[in-house]
There are 2 protein chains.
Amino acid sequence: MSYAHIMRKTRAKTPPRGIAGPPRAAASGEVALIRQIRDRVAGHPGRVAGQQGRVRLGIGDDCALLRVRQGEEIAVTTDLSLDGRHFRLDWHPAEAVGHRTLARGLSDLAAMGARPVGAFLSLGLPRALTKTGSRTGSEAWLQRFFDGLLALAAEHGAVLAGGDLAESPVAIADVVLVGAVPRGRALLRSGARAGELLYVTGALGGAAAGLARLATWAATAKPGARGRRRGISADFAAELAAHLYPQPRVQQGLWLQRRGVATAAIDVSDGLSTDLAHLCHESDVAAEVDADLLPVHAGATQAQALHGGEDYELLFTAPEGKRIPNAIAGVAVTRIGRIVRWRAGRPQITLVNGHDKNGHDKKGHDKLPLTPQGWEHFC
Amino acid sequence: MSYAHIMRKTRAKTPPRGIAGPPRAAASGEVALIRQIRDRVAGHPGRVAGQQGRVRLGIGDDCALLRVRQGEEIAVTTDLSLDGRHFRLDWHPAEAVGHRTLARGLSDLAAMGARPVGAFLSLGLPRALTKTGSRTGSEAWLQRFFDGLLALAAEHGAVLAGGDLAESPVAIADVVLVGAVPRGRALLRSGARAGELLYVTGALGGAAAGLARLATWAATAKPGARGRRRGISADFAAELAAHLYPQPRVQQGLWLQRRGVATAAIDVSDGLSTDLAHLCHESDVAAEVDADLLPVHAGATQAQALHGGEDYELLFTAPEGKRIPNAIAGVAVTRIGRIVRWRAGRPQITLVNGHDKNGHDKKGHDKLPLTPQGWEHFC
């Protein structure tokens, strides 16, 4: 499959005459562009050798063929991203759209402790982004989208093994990640037990803080060539890295799975308050989060750390006796609370403020219910 | 995953404040609707038992977990369908959209000789289709979409194991099919050799003929409640079955793979002329099609049989000595030509008219180059 597959699909799977579509003859520049992408992805237009022989057939056939090791099961996750909802073409650099699109899926694999095997990308793009030969056209946008996506894929050993492409009035990218994990060893959300400790990787709220800064920029930047149309500067993009280029914690998830120390795990895609609620719900437990222990990202507020999504850190539980290091594969790990029994009628998550604003112990602890405040969408 | 996953995702994977989206509070009716779908899919809201234990975890976690048998490899295919391009909300019954969406992916598995394991659906729907309580709302449309999709999935043993859902200005459905096939036994496009015979299952051109009739209906039906808005009648839908409810040849593909008789295979999704060109290209051979042998679908023209797409029949090659039955699992198999050596500068596919219009042998054969005329799209 790969982009030869995409090429084939674009011709193959759209209906014959009768359903509205673009003229049948396409500019040779577009064909050349897609071939260029395909060759970038595949290395060569024939078969994909695949990293470690895992993608046996990635090009030029009806399906991609993937192999996993004996005793492994397959983890699959799909993430649909749309312009105006998960990214904005007028805000986000194309590289960041590609990166973020793939990061969502890799983070799901990380949360299961699965190693990435193959990625599949279905792209729907407005005609303006498929035109070649101009800065605003696909040669610019699509190449840069793939720059971002393929760099992250390579970093985590995921082979882009196929996909589909169609013209669409709105830019959409649906990413499927296929991973592998030893049978029965996947990190689930449902394994947390009362008495265990709650940990999180990295820092929280950085993505939300970056998004807030980006929104401010968009509201004040001039629409013309010197402002929004030109996009954000490289320096500003670097400052917003937590939002534009979140790092899925694949290595950390694998470490936890291999060591067998975590009893439950989930990725913080939706904000701590919401994802912790999912974990508690699936495990039928409650949790207490210590506000003072929260690793708040530099420049972020406590509210952004509690409720801001898209940090893609791992939230996991482990028995009190298990030694959890302060860092896994270079990323900090912080204990932020504990799992307790859930009693009917009580809040499932409590935020404990153990100290006053000057750092002194308060008389007694201040316990507040922490209600999920992640983004509600569609339902 | 399953539709709990979809529910989670809709909350989880959309960005927090700042990127345009609907109000955070959603009507409880919508939540109820999605839960209803989830329960339909999963059977119960906890774990999916899965057919034959293949889907170990299909709900409520970051990824679905699938198991395949020892010695099998995994086949993955993705197919992106958009309103106005692959289907039309104002033409196609919702059940047909669901059916056709899944059929595309099942047909890809069939062409590899893979058995279906799991399906994943990413849906982007306009707000109008997610409203409940009205005939035009989601309770009608989405339920019927799933009626069509789940009926076909059940028929072929594919478990809907997850997906994603988002609001979108255009209706889109991206379907991923995961299948399994014994290692090294998948039917590829690249195995055809000169001297072998060319076969096709079923009849060709029926989908294109049905689409043409549907287009005529749409052009003449009144837009009001008695016409297009009401949709096509059940009787008319039955007449258009080849277009609305194409049958992926999963059983036939499995039969060919298990017997080891086919040397190459592809599904006719794009029209015989185009898909045969793909097969010839991948196998580095040429082909001669005998016009008189073509199984033209009742009501279809020869042109529709040659170039019309979406029939989802299997096109395959086998050595001359191998006995190929007249039918596989109840579907006719017809020899339509042969594979020959490809000589540079010669057409890769030739249409041989062996008889004149009265059925008498012509003096000599009339050989015409058959150029791929499948739908060109995007590139």
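Residues numbered from 1 in each chain as written. Chains lettered and ligands numbered in written order. Predicted model: local features only at pLDDT ≥ 70, side-chain atom pairs only at ≥ 80, totals over all residues. Heavy atoms only, no water.

Structural notes on the overall build of chain A
Move 1: Secondary structure assignment for chain A yields 10 helices and 14 strands.
Move 2: At a minimum sequence separation of 6, the contacts of chain A that also span at least 24 residues come to 80%.
Move 3: Summing over all exposed atoms, chain A offers an accessible surface of approximately 13,800 Å²; the carbon and sulfur share of this is 50%. (Helix = DSSP H or I, 4+ residues; strand = E, 2+ residues; numbered from the N terminus. Contact = heavy atoms within 4.5 Å. Areas by Shrake-Rupley, 256 points an atom, 1.4 Å probe, with all protein chains shown as cover.)

Thoughts on helix H8 (residues 250-259) of chain B
Move 1: Where H8 of chain B is concerned, the buried positions are Val250, Gln252, Gly253, Leu254, Leu256 and Gln257 of chain B.
Move 2: Taken from the residues just after H8 of chain B, Gly260 of chain B is the one with a positive phi, measuring 65 degrees. (Buried < 20%, exposed > 50% of the residue type's maximum accessible area, 1.4 Å probe, protein only.)

Notes on the pairing of strand E10 (residues 313-318) of chain B
Residues and elements named next belong to chain B.
Move 1: Extensive coverage of E10 is indicated by the burial of six of its six residues.
Move 2: Residues Glu313, Leu315 and Thr317 point to one face of E10 and Leu314, Phe316 and Ala318 to the other, with burial holding for every one of them.
Move 3: Relative to E10, strand E8 (residues 264-268) runs antiparallel, the two sharing five bridges. Residue Ile266 lies in a different strand from E10, and its bridge partner there is Leu315. (Pairing = 2+ DSSP bridges.)

A closer look at unusual backbone geometry
Move 1: The phi dihedral of Asp284 of chain A falls on the positive side, at around 60 degrees, and the residue is not glycine.
Move 2: Its location among the elements puts Asp284 of chain A in the loop between helix H9 (272-283) and strand E9 (286-290).
Move 3: On the basis of relative accessibility, which here comes to 56%, the residue Asp284 of chain A falls in the exposed class.
Move 4: Phi is positive for Tyr312 of chain B, close to 60 degrees, though the residue is something other than glycine.
Move 5: As for its position among the elements, Tyr312 of chain B is in the loop between helix H10 (302-307) and E10.

What about the confidence of the model for chain A?
All names here are of chain A.
Move 1: Model confidence for chain A is summarised by a mean pLDDT of 82, while 77% of its residues fall at 70 or above.
Move 2: Under a pLDDT of 50 for its full length, residues 1-31 has, in the predicted model, 130 contacts with residues more than four places off or in other chains.
Move 3: This stretch, residues 43-53, has a pLDDT under 50; its non-local contacts, to residues over four places away or in other chains, come to 23 contacts.
Move 4: The ipTM value of the predicted complex is 0.83, and its pTM value is 0.86. (pLDDT = per-residue confidence, 0-100.)

Description of the pairing of strand E4 (residues 115-125) of chain B
Residue and element names in this part refer to chain B.
Move 1: The buried count for E4 comes to 11 of 11 residues, which makes it a mostly enclosed element.
Move 2: As defined by bridge partners, E4 adjoins strand E6 (residues 172-182) across nine bridges and the pair is classed as antiparallel. Pairing of Ser122 across the sheet is with Asp174, part of E6.
Move 3: Looking at chain direction, E4 and strand E5 (residues 159-167) are connected through eight bridges and run parallel. Bridge pairing links Leu125 to Glu167 in E5.

Brief notes about the side chain of Glu310 of chain A
Residues and elements named next belong to chain A.
Move 1: If you trace the backbone, Glu310 turns up in the loop between helix H10 (302-307) and strand E10 (313-318).
Move 2: Since its relative accessible area comes to 3%, Glu310 is described here as buried.
Move 3: Of the polar contacts made by the side chain of Glu310, one reaches the side chain of Arg100; its length is 3.3 Å. (Polar contact = N/O pair within 3.5 Å; in protein donor to acceptor, adjacent residues only side chain to side chain.)

Here we look at the packing of aromatic side chains
All names here are of chain A.
Move 1: Evaluation of the coordinates by the stated rule reveals six aromatic pairs over all chains.
Move 2: Ring centres of Trp141 and Phe145 lie 5.3 Å apart, and the angle between their planes is 20 degrees; on these two criteria the pair is classed as stacked. Pair noted here: Trp141 and Phe145 are both in helix H4 (residues 138-155), with a separation of four residues, about one helical turn. In this structure, Trp141 and Phe145 share a single accessibility class: buried.
Move 3: Linked through ring pairs, Trp141, Phe145 and Phe146 together constitute an aromatic cluster. (Phe/Tyr/Trp six-rings, centres within 6.5 Å; stacked < 30°, edge-to-face > 60°.)

Notes on the side chain of His307 of chain B
Residue and element names in this part refer to chain B.
Move 1: By the element assignment, His307 lies in helix H10.
Move 2: Judged by relative accessible area, which is 10%, His307 ranks as buried.
Move 3: For His307, the side chain forms a polar contact with the side chain of Ser273, separated by 2.8 Å.

Quick notes on the pattern of salt bridges
All names here are of chain A.
Move 1: Scanning the model with the defined rule gives 28 salt bridges over all chains in all.
Move 2: When the shortest N-O distance is used, the salt bridge between Glu167 and Arg127 registers 2.7 Å. Separated by 40 residues along the polypeptide, Glu167 in strand E5 (residues 159-167) and Arg127 in the loop between strand E4 (115-125) and H4 bring together distant segments of the chain.
Move 3: Using a relative accessible area of 11% as the deciding quantity, one classes Glu167 as buried. (Salt bridge = Lys/Arg side-chain N within 4 Å of Asp/Glu carboxyl O.)

Overview of H9 of chain A
Residue and element names in this part refer to chain A.
Move 1: End to end, H9 covers 16 Å across 12 residues, agreeing with the expected 16 Å (1.5 Å per residue, within 8%).
Move 2: The buried fraction of H9 amounts to 10 of the 12 residues, a majority that puts the element mostly inside the structure.
Move 3: Downstream of H9 by a residue or two, Asp284 has a phi angle that is positive, lying close to 60 degrees. (Expected span 1.5 Å × (residues − 1).)

Topic: the environment of Gln252 of chain A
Residue and element names in this part refer to chain A.
Move 1: Along the chain, Gln252 turns up in helix H8 (residues 250-259).
Move 2: C-alpha of Gln252 to C-alpha of Ile328: the two residues are 76 residues apart in sequence and 5.8 Å apart in space.
Move 3: Gln252 has contacts with Thr201, Leu314, Ile328, Ala329 and Val331, leaving out every residue within four places of it along the chain.
Move 4: Within polar-contact distance, the side chain of Gln252 engages the backbone oxygen of Ile328 at 2.9 Å.

Details of the environment of His365 of chain A
Residues and elements named next belong to chain A.
Move 1: Residue position: His365 is located in strand E14 (residues 361-369).
Move 2: The class for His365 is exposed, based on a relative accessible area of 59%.
Move 3: Remark: the alpha-carbon pair of His365 and Pro295, spanning 70 residues in sequence, is separated by 20 Å.
Move 4: Leave out the neighbours within four places in its chain, and His365 touches Val352, Asn353 and Gly354.

Notes on the environment of Arg67 of chain B
Move 1: Note that Arg67 of chain B resides in the loop between strand E2 (64-66) and strand E3 (72-82).
Move 2: Among the residues examined, Arg67 of chain B registers a relative accessible area of 23% and is labelled partly exposed.
Move 3: In sequence terms Arg67 of chain B and Arg115 of chain B are 48 residues apart; their C-alpha atoms lie 13 Å from each other.
Move 4: For Arg67 of chain B, the side chain forms a polar contact with the side chain of Glu73 of chain A, separated by 2.5 Å.

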